[in-house]
Amino acid sequence: QVQLVESGGGFVQPGGSLRLSCAAAGYPYSKYSMGWFRQNLGQESDAVATIDTAGSTIYVDSGKGRFTISRDNAENTLYLQMNSLKPEDTAMYYCAAAALTYLLPPVRSVDFGYWGQGTQVTVSS
C-alpha cells in the first residue's frame with residue numbers, strides 16, 4: 001500500500017523558514033519522480049517544485065530562489081526547504097509521486113498518481 005506522509009508544517013512569521021518532509025512507503029521510491037504542491041481552500045493545487053529520479057529539479061516561479069527540493073533515496077524521504085517565507089506561501093502542502101523517471105516543464109498534477117494528506121503551512125505576523 002502506497003503511503004506518503006508529510007510533516008514539518010506549522011506557523012511561521014514572514015521571513016522565516018520551514019523544512020517539510022515526506023516519508024514514502026509501499027512503492028519503489030527511487031524509481032519515481034516526486035513533487036511538492038500546495039493548495040488553499042477552494043482553489044486548485046499549484047506545483048511548487050519537482051525532482052526526478054536523476055535529481056533534476058523544476059521550480060515554479062513562486063518558489064524560485066527561496067525553496068529547495070531534495071530527496072534521500074536511502075531513507076525514502078522527500079524534502080522541501082523553504083526560506084524567506086511570505087504570507088502568500090500560506091497553504092496546505094502536499095507531496096506527490098509520479099511513475100516517471102524524468103519530468104519536463106510545465107509540471108502537471110495529473111502526472112502524479114500518489115498523494116499525501118498534506119501539512120499546513122501558515123505564514124503570518
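See the structure shown above.
Residues numbered from 1 in each chain as written. Predicted model: local features only at pLDDT ≥ 70, side-chain atom pairs only at ≥ 80, totals over all residues. Heavy atoms only, no water.

## Observations regarding the packing of aromatic side chains
(1) Moving on: With the rule as written, the count across this model stands at seven aromatic pairs.
(2) Moving on: Centroid distance Y27 to Y114: 5.8 Å. Interplanar angle 40 degrees. Geometry classified as tilted. Taken together, the residues span a long stretch of sequence, with Y27 in the loop between β3 (18–25) and β4 (33–39) and Y114 in strand β10 (residues 114–115) at a distance of 87 residues.
(3) Moving on: Overall, the relative accessible area of 9% leaves Y27 in the buried class.
(4) Moving on: A relative accessible area of 32% places Y114 in the partly exposed class.
(5) Moving on: Plain terms: the ring middles of Y32 and Y114 are 6.2 Å apart, the flat faces sit at 25 degrees to each other, and that makes the pair stacked. In this pair, Y32 is assigned in the loop between β3 and β4 and Y114 in strand β10, connecting sequence segments 82 residues apart.
(6) Moving on: Counting every residue linked through ring pairs, the aromatic cluster contains Y27, Y29, Y32 and Y114.
(7) Moving on: When the ring centre of Y79 is taken as origin, the NZ or CZ atom of R19, which lies over that ring, is 4.0 Å away.
(8) Moving on: Positioned above the aromatic ring of Y29 is the side chain of R71, whose terminal nitrogen or guanidinium carbon lies 4.6 Å from the ring centre. (Phe/Tyr/Trp six-rings, centres within 6.5 Å; stacked < 30°, edge-to-face > 60°. Helix = DSSP H or I, 4+ residues; strand = E, 2+ residues; numbered from the N terminus. Buried < 20%, exposed > 50% of the residue type's maximum accessible area, 1.4 Å probe, protein only. Lys NZ or Arg CZ within 6 Å of the ring centre and 35° of its normal.)

## Thoughts on the pairing of β3
(1) Moving on: As paired elements, strand β1 (residues 3–7) and β3 share five bridges and run antiparallel to each other. Residue pairing for β3: V5 is matched across the bridge by A23.
(2) Moving on: In this structure, β3 lies alongside strand β8 (residues 77–82), joined through six bridges in antiparallel fashion. Following the sheet pairing, S21 is matched in β8 by Y79. (Pairing = 2+ DSSP bridges.)

## Some thoughts on the environment of S109
(1) Moving on: Residue position: S109 is located in the loop between β9 (91–98) and β10.
(2) Moving on: Taking the C-alpha atoms as reference points, S109 and I69, 40 residues apart in sequence, are found 17 Å from one another.
(3) Moving on: Those residues in contact with S109 that sit more than four places away from it in its chain are F37, S45 and W115. (Contact = heavy atoms within 4.5 Å.)

## Thoughts on the environment of S62
(1) Moving on: Along the chain, S62 turns up in the loop between β6 (57–59) and β7 (67–72).
(2) Moving on: Considered as a pair, S62 and Q81 are 19 residues apart in the sequence and their alpha carbons are 14 Å apart.

## Focus on the environment of C95
(1) Moving on: On the secondary structure map, C95 appears in strand β9.
(2) Moving on: We classify C95 as buried; its relative accessible area is 0%.
(3) Moving on: Taking C-alpha positions, C95 is 8.3 Å from Q117, a pair spaced 22 residues apart along the chain.
(4) Moving on: Those residues in contact with C95 that sit more than four places away from it in its chain are L4, E6, C22, G35, W36, L78, Y114, W115 and G116.

## A word on unusual backbone geometry
(1) Moving on: A cis amide bond links P105 to the next residue, P106, at an omega of 5 degrees.
(2) Moving on: Looking at the element boundaries, P106 is found in the loop between β9 and β10.
(3) Moving on: Within the chain, S84 stands out as a residue other than glycine whose phi angle is a positive 50 degrees.
(4) Moving on: Its location among the elements puts S84 in the loop between β8 and β9.

None of this, on its own, says anything about what the molecule does.
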